[in-house]
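Each chain, written out:
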Amino acid sequence: MKKTILLLGLVCIFILTSCGKKSDGEETKPQDSTANQTESTTNPTVNGGQDTETDSSNEVSMQDLRDAVVEVIGENYWPDTMMEKEIFEDFYGVTSDMYEEFLAETPMIGTNVDTLIIVKAKEGQVGAVEDALNAYRDNLVNDTMQYPMNLGKIQASRIETFENYVCFVQLGADTTDLMEQGEDVVIEKCQEENEKALEAIRIALSK
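Residues take numbers from 1 onward in each chain, read along the sequence in its written order. In keeping with the model being predicted, local features are shown solely for residues with a pLDDT of at least 70 and side-chain atom pairs are shown and tallied solely at 80 or more, while totals for entire chains, interfaces and linings include all residues. To get the side-chain values, all heavy atoms of the structure are used, and hydrogens and water are removed first.

Caption draft 1: Structural context of the overall build of the protein. A count of helices and strands for the protein gives seven helices and five strands. A run of DSSP states H or I qualifies as a helix once it reaches four residues; a run of E qualifies as a strand once it reaches two. Both are numbered from the N-terminal end. Order of helices (α) and strands (β) in the protein, N terminus to C terminus: α-α-α-β-α-β-β-α-α-β-β-α. Any two residues having at least one pair of non-hydrogen atoms within 4.5 Å are treated as being in contact. Taking contacts inside the protein between residues at least 6 apart in sequence as the whole, the part at least 24 apart equals 63%. When the accessible surface of the protein is totalled, it reaches about 13100 Å², and 53% of it is carbon and sulfur. Accessibility throughout is a Shrake-Rupley quantity obtained with a 1.4 Å probe, and a residue counts as covered only by protein chains that appear here.

Written out as structure tokens, the structure is:
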């Protein structure tokens, strides 16, 4: 009889001990989960879930800048062919020692001159990139063989620099109907498109 009581006592102690461990585990688990939730929700609130230093060093991509231009220009954005590195350097005179990266997009159709160029210049090379693109623009302006429909568009082209990003915009899409009203009207319309593109780039870089 005493052995039976002793055995039952040991069983009870074992059961109570097991329940106690399970209870401790159940209490601890929500605490860990809460801590993880606090950590995961605090970071996005402060800096988007990224380390502040990493976030501040991130820069907008060339594709982002191009997309920003396309968004504001819409169907009047005619460039549709990305230029390869070798062709870009030969055509525009911007050599690889001048830039970190670039985007140059032109139309596939040769009679159209709508162009978007964005060059991220290396340190100390902004002026060299500007000179190369200005020389290219001057050649276009002085080219007497240009199609009449492109003359106003070329005159309206712009080179603008935002810190180390040098941009060349020559946009305007279809200006055929405006040509009857004179070259000044064509230039004004193309200038408006170019200004919209440059403003979109400026805003994208400032984010």
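From this point, the narrative continues.
Caption draft 2: Geometry of unusual backbone geometry. Non-glycine residue E163 carries a positive phi angle of around 55 degrees. Along the chain, E163 turns up in the loop between β4 (158–162) and β5 (165–170). Its identity is not glycine, yet A173 carries a phi of approximately 60 degrees, on the positive side. Along the chain, the position of A173 falls in the loop between β5 and α7 (183–206). Buried residues are those whose accessible area, probed at 1.4 Å on protein chains only, stays under 20% of the maximum for their type, while exposed residues exceed 50% and partly exposed ones sit between those limits. Owing to a relative accessible area of 2%, A173 belongs among the buried residues under this scheme.

Caption draft 3: Main features of the nonpolar core. Grouping buried Ala, Val, Leu, Ile, Met, Phe, Trp, Tyr and Cys residues that are joined through side-chain atoms within 4.5 Å yields what is termed a nonpolar core. In this structure, F88, Y92, V94, I117, V119, V129 and L133 are the most contacted members of the largest nonpolar core, which totals 21 residues. Sorting the residues of this core by element identifies α4 (85–92), β2 (99–106), β3 (115–121), α5 (126–142) and β5 as the ones contributing at least two each. Top contributing element to this core by residue count: α5, with five residues. Core analysis: the next-biggest nonpolar cluster, separate from the first, contains 19 residues, Y77, L103, I118 and C167 among them.

So, to be careful, I would describe these as geometric facts and stop short of saying anything about function.
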